[in-house]
Amino acid sequence: MTSTPSTRALRDSRDGAPAPWQRTAAGANLLGADGNLGITIFEEITALAGTHSAINLGQGFPDEDGPAEIRNAARRAILAGANQYAPGMGLPVLREAIADHQERFYGLRPDPGTEVMVTTGATEAIASTLLALTGPGDEVLTFEPFYDSYGAMIGLSGATHTTAPLLAPDFQPDMAALEAAFTDRTRIVLVNNPHNPTGAVFPASVLQRIVDLAVKHDAVIVTDEVYEHLTFGPRHIPVATLPGAADRTLTISSAGKTFSLTGWKIGWISGQAELIAAVRSVKSFLTYSSGSPFQAAIAEGLRMEDSFFTDIAGTLRAKRNVLSAGLREAGLEVFQPQGTYFVNADVAPLGIEDATDLARRLPELVGVAAIPVAMFCHPEGAERTRTMLRFAFCKRFDVLQEAAERISRLNEVL
């Protein structure tokens, strides 16, 4: 049979190497052993949640909108005519607000003209950075478990994805394993802190060791700090504030998690001007710019009183406690997170050896959906985390209380 052009385009490249889409899918654990493309575990679990009218604690998005004053600011911006392209680097008012925010909370002061760039969410900032700075022959080091977009974008770039494990119960790195994971081919070390999916917050000693190893191996440090204001006790420490880090660190964050406005997709990246320029060379040909009225509104949000930022963390801590209590009542071992939207729990005490299988049955069993932690890992890490589930607690209190009640009955229906 003669292949159609579209079929030929989907095959491996002419030299037999995987096509870009295959590298991307494989990096995100979407490519089966037979080479066929699957759906994400998020899509699968969300569909099961819908089928069984389950409470979806799988995906990390809030079920309440962010502050009315920020949403009203977006309305005003739309009515005032902010509906065309923003500059490629982002609206000046937002870049200035980002620089002010970094100075206010961390004592950093990036130049808003050359060292701050607005992106379509943190995801685009990560993608642009990896595509700009890495390629075949390079290594990108992340902790494991890792957010799935990291694997996808590392795969697309052609670089090799290496990992250092985060082990329960505290999910802090083993320093010897971290040091062994660095090589002279490590081009980027990508640090997600506070960490998704484990909820770990790394102390200054861990972060400084990462900086020292990056200096030793001449690696760029890229930090994903989207949960920077969502910590429960430990203070968030930006890597860029540490000795030796400033000239080699690109700091990424976004408005979605802080302001419960994930659909707006307003993110940013800051760092040394030459590094930002390199990332911009790729970002400009992905979206160029986006969300003009949302950018103006987020500029106002970043200037809200300190009490707003402390209050959102306090509320989220209380939500964490509600859900954690239900998980413990069900007999699961709960690993108390220090930050983010997520709590991880081990189902092994229930005699269950495969959390992925349980995740697929959970919506029907008790009417709650969760994500298996193994999906955020390479094969060795997946085996290590095969009995763990990740639950999102960024939902209304009444929803979490109902979910906790349902989960508490899990042992009765197994």
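Whatever comes next refers back to the structure up there.
Residues numbered from 1 in each chain as written. Predicted model: local features only at pLDDT ≥ 70, side-chain atom pairs only at ≥ 80, totals over all residues. Heavy atoms only, no water.

Undergrad: Outline the pattern of salt bridges, listing residues and values.
TA: A full pass over the atoms with the stated rule returns 19 salt bridges. With a shortest N-O distance of 2.4 Å, Asp 100 and Arg 109 are connected by a salt bridge. Assessed through its relative accessible area of 26%, Asp 100 is described here as partly exposed. Residue Arg 109 is classed as partly exposed on the basis of its relative accessible area of 39%. Among the ionic pairs, Arg 361 bridges to Asp 357, the shortest N-O distance being 3.2 Å. Here Asp 357 and Arg 361 lie together in helix H14 (residues 355–366), a separation of 4 residues that amounts to about one turn. When its relative accessible area of 35% is taken as the criterion, Arg 361 is described as partly exposed. Salt bridges sharing common partners tie together Glu 96, Asp 100, Glu 103, Arg 109 and Arg 303. (Salt bridge = Lys/Arg side-chain N within 4 Å of Asp/Glu carboxyl O. Buried < 20%, exposed > 50% of the residue type's maximum accessible area, 1.4 Å probe, protein only. Helix = DSSP H or I, 4+ residues; strand = E, 2+ residues; numbered from the N terminus.)

Undergrad: Hey, could you go over the environment of Pro 293 for me, with residue numbers and the actual values?
TA: Within the secondary structure, Pro 293 is located in helix H12 (residues 292–301). According to the relative accessible area criterion, Pro 293 is buried, its value standing at 12%. Sequence separation between Pro 293 and Arg 76 is 217 residues, and the spatial gap between their C-alpha atoms is 8.2 Å. In this structure Pro 293 touches Ala 74, Ala 77, Ile 78, Ala 82 and Asn 83, once residues within four positions along its chain are discounted. (Contact = heavy atoms within 4.5 Å.)

Undergrad: Just give me the short version of the sheet that holds strand S2 (residues 116–120), but keep the residues and values in it.
TA: If you walk across this open sheet you meet the 8 strands as S2-S9-S8-S7-S6-S3-S4-S5, and the pairing is mixed. With partners counted over all chains shown, the strands left at the sheet margins are S2 and strand S5 (172–173), one partner each. As paired strands, strand S3 (residues 139–144) and strand S4 (residues 160–167) are joined by 6 bridges and run parallel to one another. Residue pairing for S4: Glu 144 is matched across the bridge by Pro 165. Sitting on the sheet, helix H9 (residues 204–217) is in contact with S3, S5, strand S6 (186–192) and strand S7 (220–224), with an inclination near 165 degrees to S6. (Pairing = 2+ DSSP bridges. Axes fitted to C-alpha atoms, helices over the stretch in contact; angles between N-to-C directions.)

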